[in-house]
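Residues per chain, in single letters:
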Amino acid sequence: SPQSWVSADGYVCADYVAKDWCTPRGGYGSGWESEYGTFDDWAVNGNSAVTACCGCGGGQDLTTAYDCGSEIDGDVWTLVRHMKGYGNWGPWNDNLAGTAVLGVQGDAHSSHDWTIQWSAPDQFLFTFADCSHWLIAEAWQVNGEFYGLAKRTIAKSSEQDSSYQAEWYNREDVISDPWVSV
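This one's a predicted model, so the numbers in the text were calculated from it and none came from an experiment.

(A) Structural context of the nonpolar core. Ranked by internal contacts, the top residues of the largest apolar core, which has 14 residues, are Leu96, Phe124, Phe126, Leu135, Val142, Ile154 and Trp168. Residue assignment for this core shows that the elements contributing at least two residues are β3 (123-127), β4 (134-138), α3 (139-142), β5 (147-154) and β7 (164-170). Ranked by residues supplied to this core, first place goes to β7 with three residues. Contacts of Leu135, omitting those with residues within four sequence positions, involve Phe124, Leu125, Phe126, Ile154, Lys156, Ser157, Trp168, Val180, Ser181 and Val182.

(B) Molecular detail of the packing of aromatic side chains. As enumerated under the stated definition, the model contains 14 aromatic pairs in all. Between the aromatic rings of Tyr11 and Trp21, the centroid separation amounts to 4.8 Å while the plane-to-plane angle is 85°, which identifies the pairing as edge-to-face. Taken together, the residues span a long stretch of sequence, with Tyr11 in the segment before α1 (13-18) and Trp21 in the loop between α1 and α2 (49-52) at a distance of ten residues. Among the residues examined, Tyr11 registers a relative accessible area of 24% and is labelled partly exposed. Given the relative accessible area of 9%, Trp21 is considered buried. In this structure, Arg152 is placed above the aromatic ring of Tyr147, and the distance from its NZ or CZ to the ring centre is 4.0 Å. Geometry around Tyr169 places Arg171 over its ring, the cationic atom sitting 4.1 Å from the centre.

(C) Structural context of the state of the cysteines. Following the criterion strictly, the structure yields two disulfides and no others. Each disulfide pairs two cysteine sulfurs, and for Cys13 the partner residue is Cys53, the sulfurs being separated by 2.1 Å. Across the S-S bond linking Cys13 and Cys53, the dihedral sits near -75°, which makes this disulfide left-handed. Note that Cys13 is positioned in helix α1 and Cys53 in the loop between α2 and β1 (81-82), a separation of 40 residues in sequence. Cys53 matches Cys13 in its accessibility class, with the two residues each being buried. Shown here is the disulfide that connects Cys22 with Cys56, its sulfur atoms set 1.9 Å apart. Disulfide Cys22 to Cys56: torsion about the S-S bond roughly -65°, handedness left-handed. One end of the pair, Cys22, is in the loop between α1 and α2; the other, Cys56, is in the loop between α2 and β1, and 34 residues separate them in sequence. The same class applies to Cys22 and to Cys56, which are both buried.

(D) Main features of unusual backbone geometry. Of note in this structure, Asp20 is not a glycine but carries a positive phi near 55°. Tracing the backbone shows Asp20 in the loop between α1 and α2. In the Ramachandran plot, Leu96 falls in the positive-phi region, its phi being about 60° despite a non-glycine side chain. Its place among the elements puts Leu96 in the loop between β1 and β2 (114-115). Residue Leu96 is classed as buried on the basis of its relative accessible area of 5%.

(E) Molecular detail of the environment of Ser119. With respect to the helices and strands, Ser119 occurs in the loop between β2 and β3. Looking at Ser119, the relative accessible area reads 62%, which means it is exposed. When the C-alpha positions of Ser119 and Thr38 are compared, they lie 44 Å apart, and in sequence the two are 81 residues distant.

Here is what the cut-offs are and how they apply
- Residues numbered from 1 in each chain as written.
- Predicted model: local features only at pLDDT ≥ 70, side-chain atom pairs only at ≥ 80, totals over all residues.
- Heavy atoms only, no water.
- Core = buried A, V, L, I, M, F, W, Y, C linked by side-chain atoms within 4.5 Å.
- Buried < 20%, exposed > 50% of the residue type's maximum accessible area, 1.4 Å probe, protein only.
- Helix = DSSP H or I, 4+ residues; strand = E, 2+ residues; numbered from the N terminus.
- Contact = heavy atoms within 4.5 Å.
- Phe/Tyr/Trp six-rings, centres within 6.5 Å; stacked < 30°, edge-to-face > 60°.
- Lys NZ or Arg CZ within 6 Å of the ring centre and 35° of its normal.
- Disulfide = S-S within 2.5 Å.

See below:
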């Protein structure tokens, strides 16, 4: 099935999941309005969201690990850090500088924390493992300087397709920073 599927009106799989337009079993989600018609109304080359998108019951086999981040903004992302999902930032303290190394590199569904080194990204993508909430920001908006509660620019997110500002932290003496939110 197509990994880079885009609907007839320009939405990608991550949009269908984030906006609750579909369910993981291929049904209509709580965000789908009757005036939208059917999934097939927005199909491209015979593929609708329920045949193309993993989060909508299609795509790859849901029993295999799948990185839905590849469906966000053109599949240009490299996964460099993963936290196992316990509500904390993780055991690293490099303020997203890319200098920390921890654990064995895994995938988006690893049961352990891991990170590899990276250098000078143009942008960061932060996402939940299921891509229900995500944001993209220029790297210099996230780190590079320390700031208290400050308005920072988000390029796009699961909430909005265009840029807007949110209040974040990147305090020098707080290990869990930078603190970002959608």
